[in-house]
Amino acid sequence: MNEDYSDLVEIYIDDAGEWRWRRKSSGNHEVIATSGEGYVSKGHANKMAHRVNGNSCRFVTLDEEDDQVVFPGLGVEQDA
């Protein structure tokens, strides 16, 4: 599958300080799935996001503390 057309899964911190994930459609960029619950650790949220969404998506971690987007395996890109 071409990565340009795959859905995007964002792993982020919610207002309660818990980690969550949301899947956005590659077509209209609307949220089509969510974790439904918060996780205490970023690692657990990441693991569950991969388990539910498989390898058919692009995954990013939104780090609210320093406004960076972390692309696993690719390093850090500024200005989310």
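Above this text is the structure in question.
Residues numbered from 1 in each chain as written. Predicted model: local features only at pLDDT ≥ 70, side-chain atom pairs only at ≥ 80, totals over all residues. Heavy atoms only, no water.

### Digging into the nonpolar core
Then comes step 1: Formed by Val9, Ile11, Trp19, Trp21, Tyr39, Ala45, Met48, Ala49, Cys57 and Phe59, the largest nonpolar core amounts to ten residues.
Then comes step 2: Only strand S1 (8-13), strand S2 (19-24) and helix H1 (42-53) provide two or more residues apiece to this core.
Then comes step 3: No other element matches the three residues that H1 contributes to this core. (Core = buried A, V, L, I, M, F, W, Y, C linked by side-chain atoms within 4.5 Å. Buried < 20%, exposed > 50% of the residue type's maximum accessible area, 1.4 Å probe, protein only. Helix = DSSP H or I, 4+ residues; strand = E, 2+ residues; numbered from the N terminus.)

### Concerning the packing of aromatic side chains
Then comes step 1: Evaluation of the coordinates by the stated rule reveals zero aromatic pairs.
Then comes step 2: Just above the ring of Tyr12 sits the side chain of Arg22; from NZ or CZ to the centre is 3.9 Å. (Phe/Tyr/Trp six-rings, centres within 6.5 Å; stacked < 30°, edge-to-face > 60°. Lys NZ or Arg CZ within 6 Å of the ring centre and 35° of its normal.)

### With respect to the side chain of Asp14
Then comes step 1: Mapped onto the fold, Asp14 is located in the loop between S1 and S2.
Then comes step 2: Residue classification places Asp14 among the buried positions, given a relative accessible area of 15%.
Then comes step 3: Among the polar contacts listed, one links the side chain of Asp14 to the backbone nitrogen of Ala16, at a separation of 3.0 Å. (Polar contact = N/O pair within 3.5 Å; in protein donor to acceptor, adjacent residues only side chain to side chain.)

### Here we look at the environment of Asp7
Then comes step 1: Relative to the helices and strands, Asp7 is located in the segment before S1.
Then comes step 2: In sequence terms Asp7 and His29 are 22 residues apart; their C-alpha atoms lie 8.2 Å from each other.
Then comes step 3: Residues within four places of Asp7 in sequence aside, it is in contact with Arg23, Lys24, Ser25, Ser26, Ile32, Ser56, Cys57 and Arg58. (Contact = heavy atoms within 4.5 Å.)

### With respect to the pairing of S1
Then comes step 1: The buried fraction of S1 amounts to five of the six residues, a majority that puts the element mostly inside the structure.
Then comes step 2: Where S1 meets S2, six bridges bridge the pair, whose relative direction is antiparallel. Bridge assignment links Ile13 to a residue of S2, and that residue is Trp19.
Then comes step 3: Here S1 folds back onto S2, and the loop between the two strands holds five residues, one of which, Gly17, carries a positive phi near 85 degrees.
Then comes step 4: Bridge count for S1 against strand S4 (residues 58-63) is four bridges, and the pairing is parallel. Residue Glu10 lies in a different strand from S4, and its bridge partner there is Val60. (Pairing = 2+ DSSP bridges.)

### Brief notes about the pattern of salt bridges
Note on pairing: side chains with opposite charge can pair once their charged atoms come close.
Then comes step 1: Summed over the entire model, instances satisfying the criterion amount to four salt bridges.
Then comes step 2: Bridged by salt links that share partners, the residues Glu10, Arg22 and Lys24 form one connected network. (Salt bridge = Lys/Arg side-chain N within 4 Å of Asp/Glu carboxyl O.)

### Notes on the side chain of Glu10
Then comes step 1: Inspection of the secondary structure puts Glu10 in strand S1.
Then comes step 2: At 2.5 Å, the side chain of Glu10 forms a polar contact with the side chain of Arg22.
Then comes step 3: Within the local environment of Glu10, its side chain forms a polar contact with the side chain of Lys24, the two groups lying 3.5 Å apart.

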